[in-house]
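Topology and contacts: notes
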Amino acid sequence: MLWMKWKMVLDSLRGRRRRMPWSLWFLLLFAAGGLVLFIHQRDLSEMVQQQGPGVKLGSTPRQSRETLSTQDRERGKSDHLQDHPAAEGILSSPIPPMQFPHFEESRQTATPGSREQDIGALHVSKRHRKLLKTSPPVHQNNNSASSSSSSVSSSSSIFMGSFSPETWKKLSETLEVRRQLMKEMCAKYKSSISRTITRHHVKHLFVEDKYKLLYCQVPKAGCSNWKRTLMVLAGQAPNAQSIKHDTVHYGHHLKKLDSFDRQGIMHRLETYTKVMFVREPLERMVSAYRDKFENPNNYYHSLFGKPIISKYRVNPSWAALKTGSGVTFKEFVQYLLDVHRPVGMDIHWEQANQLCNPCLIGYDFIGKFENMEEESNFLLRLTGAPANLTLPSFKDRNPTDKRTSMQITQKYFTQVSTLERQRVYDFYYMDYLMFNYSKPFKDLY
């Protein structure tokens, strides 16, 4: 009897096992599918995080030091925090994102000479050496690579004029290092920008078709005299000294690259020598302020002076509000650093990398204002310009004013606070980085 009961229990259990597998298999398959989907989504998110700036969507060409700092922390977080234990506290800084300070691995010192760091043999700073190791490879198209190599290889056969072979070689090497450093900076910090060149990107480039030159104007970096030289090359004037300032800037004698159709733009970008000249950023900014606000200038006083005085001056006089004259350097700095400026930016104090877009337009020649005469005449010999043509050096606007030097620049910056000085440096930080200028003040970080 007992045996019969056990048999009945076992038979019932066998029957349940025969009925349960369908529901059990369904639950197991559902759970397994959910687990696979979860793992797949996690892997995708990790892939996106590892691929870096090249996959960012909606990013803009203008990068702040906050963005650069974040990228550096992601690339080497542990080393960075060991070197700079105070970095964690920077997130509470009152500085707006556009001027967020960036901690560097080495403190550069001011060099009052050319203020260009030693790049004679690619011996760059410790921070740049790390950058060169971690930067993605730069893939240069065949056209630009062949044009660059051909320009270097053919330079020895070009008439050197008054340049000795040693000077010619030194200038050639310096310019090549500047180009290479620019490529490294662009690969490091601008790899996420769109590679499509529009008319907006070339609106500051002037065209000289006879000698196949494209010149990007950077105001307060010798652009007036270079425009005079371009007019002489184009046969519009017998010499640069005879061309007045207003003729240069308002006579519309020079063609601009954005006036051509897309085919004409791209043809010239691919086949012409692309040139830009830069200047120590803070010195250039002070030069612009002195020119536009310390001298009579109805246009700038009306367009910029009035809103600047209205917003930043306490109890402005009626005359100051009416004329816009007398903007102080401190007021100008406040305007420059304000993320809600009462009036927009201007070409005279806009960052050089924003004017010329060097990461989109691979410049063949990056000259410096600090060595303007020698490097400009070197370029003229490279292009095969007439041997008697040299860059003029006269100053036709406010000729009685002394040229803005680093000593004058440092004097102007005593009128602002230490924090404001740091923020101005941060505002022009990409120019300092791309064009290899050292810090103008020792206490900057």
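First things first, this report covers the structure right here in the doc. Nothing here was measured: the structure is a model prediction, and the numbers come from that model.

What follows concerns the overall build of the chain. Secondary structure assignment for the chain yields 19 helices and 5 strands. Out of the 445 residues belonging to the chain, those deemed buried represent 44%. Within the chain, residue pairs in contact and separated by at least 24 positions form 73% of the contacts whose partners lie at least 6 positions apart. Accessible surface, the chain as shown: approximately 24,100 Å² in total, 58% of it carbon and sulfur.

So, on to the nonpolar core. If you look at the biggest cluster of nonpolar residues, it comprises 67 residues, and the most contacted ones within it are Met-285, Phe-329 and Trp-349. Those residues in contact with Phe-329 that lie beyond four places of it in its chain are Met-285, Val-286, Tyr-289, Tyr-412, Phe-413, Gln-415 and Val-416. Membership of the second largest hydrophobic core comes to 30 residues, among which are Leu-171, Val-232, Leu-233 and Phe-277.

The next subject is the state of the cysteines. As enumerated under the stated definition, the model contains 2 disulfides in all. Each disulfide pairs two cysteine sulfurs, and for Cys-186 the partner residue is Cys-359, the sulfurs being separated by 2.0 Å. With the S-S dihedral at roughly -85°, the linkage between Cys-186 and Cys-359 falls on the left-handed side. In this pair, Cys-186 is assigned in helix 7 (residues 165–189) and Cys-359 in the loop between helix 15 (352–356) and strand 5 (365–368), connecting sequence segments 173 residues apart. Judged by relative accessible area, Cys-186 falls into the buried class, the value being 11%. Bridging Cys-216 to Cys-356, the disulfide has an S-S length of 2.0 Å. Classification of the bridge connecting Cys-216 and Cys-356 rests on its S-S torsion, roughly -95°, and on that basis the disulfide is left-handed. Linking Cys-216 in strand 2 (residues 213–216) with Cys-356 in helix 15, this pair joins segments that are 140 residues apart in sequence. Side by side, Cys-216 and Cys-356 carry an identical accessibility label, which is buried. Disulfide partners in the chain, listed by the sequence order of the bonded cysteines, are 1-4, 2-3. Cys-223 takes part in no disulfide bond, and the closest cysteine sulfur to it belongs to Cys-216, at a distance of 9.9 Å.

The next subject is the pattern of salt bridges. Tallied over the entire structure, the rule returns 12 salt bridges. Of the charged contacts, one joins Lys-255 and Asp-209 as a salt bridge, the two residues approaching to 2.3 Å between their closest N and O atoms. One end of the pair, Lys-255, is in strand 3 (residues 255–256); the other, Asp-209, is in the loop between strand 1 (205–208) and strand 2, with 46 residues separating them in the sequence. Accessibility expressed as a relative area gives 39% for Lys-255, which makes it partly exposed. A relative accessible area of 21% means that Asp-209 is categorised as partly exposed. In this structure, Lys-220 engages Asp-291 in a salt bridge whose closest nitrogen and oxygen atoms are separated by 3.2 Å. Here Lys-220 is found in the loop between strand 2 and helix 8 (223–233), whereas its partner Asp-291 is found in helix 11 (residues 281–293), with 71 residues between them in sequence. The class of Asp-291 is buried, set by a relative accessible area of 8%. What you see here is one network of salt bridges that share partners, running through Asp-209, Lys-255 and Arg-268.

This paragraph deals with the packing of helix 11 against helix 14 (residues 329–337). Relative to each other, helix 11 and helix 14 sit at 120°, their axes nearing to 11 Å. The two elements helix 11 and helix 14 meet at a crossing, and its hand is right-handed. Across the interface between the two elements, Met-285, Val-286, Tyr-289 and Phe-293 from helix 11 touch Phe-329, Phe-332, Val-333 and Leu-336 from helix 14. Residue composition of the contact of helix 11 with helix 14, grouped by class: 8 nonpolar, no polar and no charged.

This part takes up the sheet that holds strand 1. Taken in spatial order, the 5 strands make up an open sheet running 3-1-2-4-5, and their pairing is mixed. Because the sheet does not close on itself, it has two edges, and the strands there are strand 3 and strand 5. Where strand 1 and strand 3 come together, 2 bridges link them in antiparallel fashion. Across the sheet, the residue bridging to Val-207 is Lys-255, located in strand 3.

Once that is clear, we can look at the environment of Ser-325. Inspection of the secondary structure puts Ser-325 in the loop between helix 13 (318–323) and helix 14. Along the chain, Ser-325 and Asn-298 lie 27 residues apart, while their C-alpha atoms are 8.6 Å from each other. Each residue touching Ser-325, except ones within four places of it in the same chain, is listed here: His-301, Ile-309 and Ala-320. There is a polar contact of 3.2 Å between the side chain of Ser-325 and the side chain of His-301.

Turning next to the environment of Pro-281. Take Pro-281: it is sitting in helix 11. Judged by its relative accessible area of 3%, Pro-281 falls in the buried class. Separated by 154 residues in the primary sequence, Pro-281 and Phe-435 place their C-alpha atoms 9.6 Å from one another.

What follows covers the packing of aromatic side chains. Applying the stated criterion to the full structure yields 27 aromatic pairs. Summarising the aromatic geometry, the rings of Phe-163 and Trp-168 are spaced 6.1 Å apart at their centres and angled 75° between planes, so their arrangement reads as edge-to-face. In this structure Trp-168 comes out as buried when scored by relative accessible area, which is 4%. A centroid spacing of 5.6 Å and a plane angle of 35° characterise the contact between Tyr-289 and Phe-332, whose relative ring orientation is tilted.

Reading guide: rules and limits
Residues numbered from 1 in each chain as written. Predicted model: local features only at pLDDT ≥ 70, side-chain atom pairs only at ≥ 80, totals over all residues. Heavy atoms only, no water. Helix = DSSP H or I, 4+ residues; strand = E, 2+ residues; numbered from the N terminus. Buried < 20%, exposed > 50% of the residue type's maximum accessible area, 1.4 Å probe, protein only. Contact = heavy atoms within 4.5 Å. Areas by Shrake-Rupley, 256 points an atom, 1.4 Å probe, with all protein chains shown as cover. Core = buried A, V, L, I, M, F, W, Y, C linked by side-chain atoms within 4.5 Å. Disulfide = S-S within 2.5 Å. Salt bridge = Lys/Arg side-chain N within 4 Å of Asp/Glu carboxyl O. Axes fitted to C-alpha atoms, helices over the stretch in contact; angles between N-to-C directions. Left-handed = near helix turned anticlockwise from the far one by under 90°. Nonpolar A, V, L, I, M, F, W, Y, C, P; charged D, E, K, R; others polar. Pairing = 2+ DSSP bridges. Polar contact = N/O pair within 3.5 Å; in protein donor to acceptor, adjacent residues only side chain to side chain. Phe/Tyr/Trp six-rings, centres within 6.5 Å; stacked < 30°, edge-to-face > 60°.

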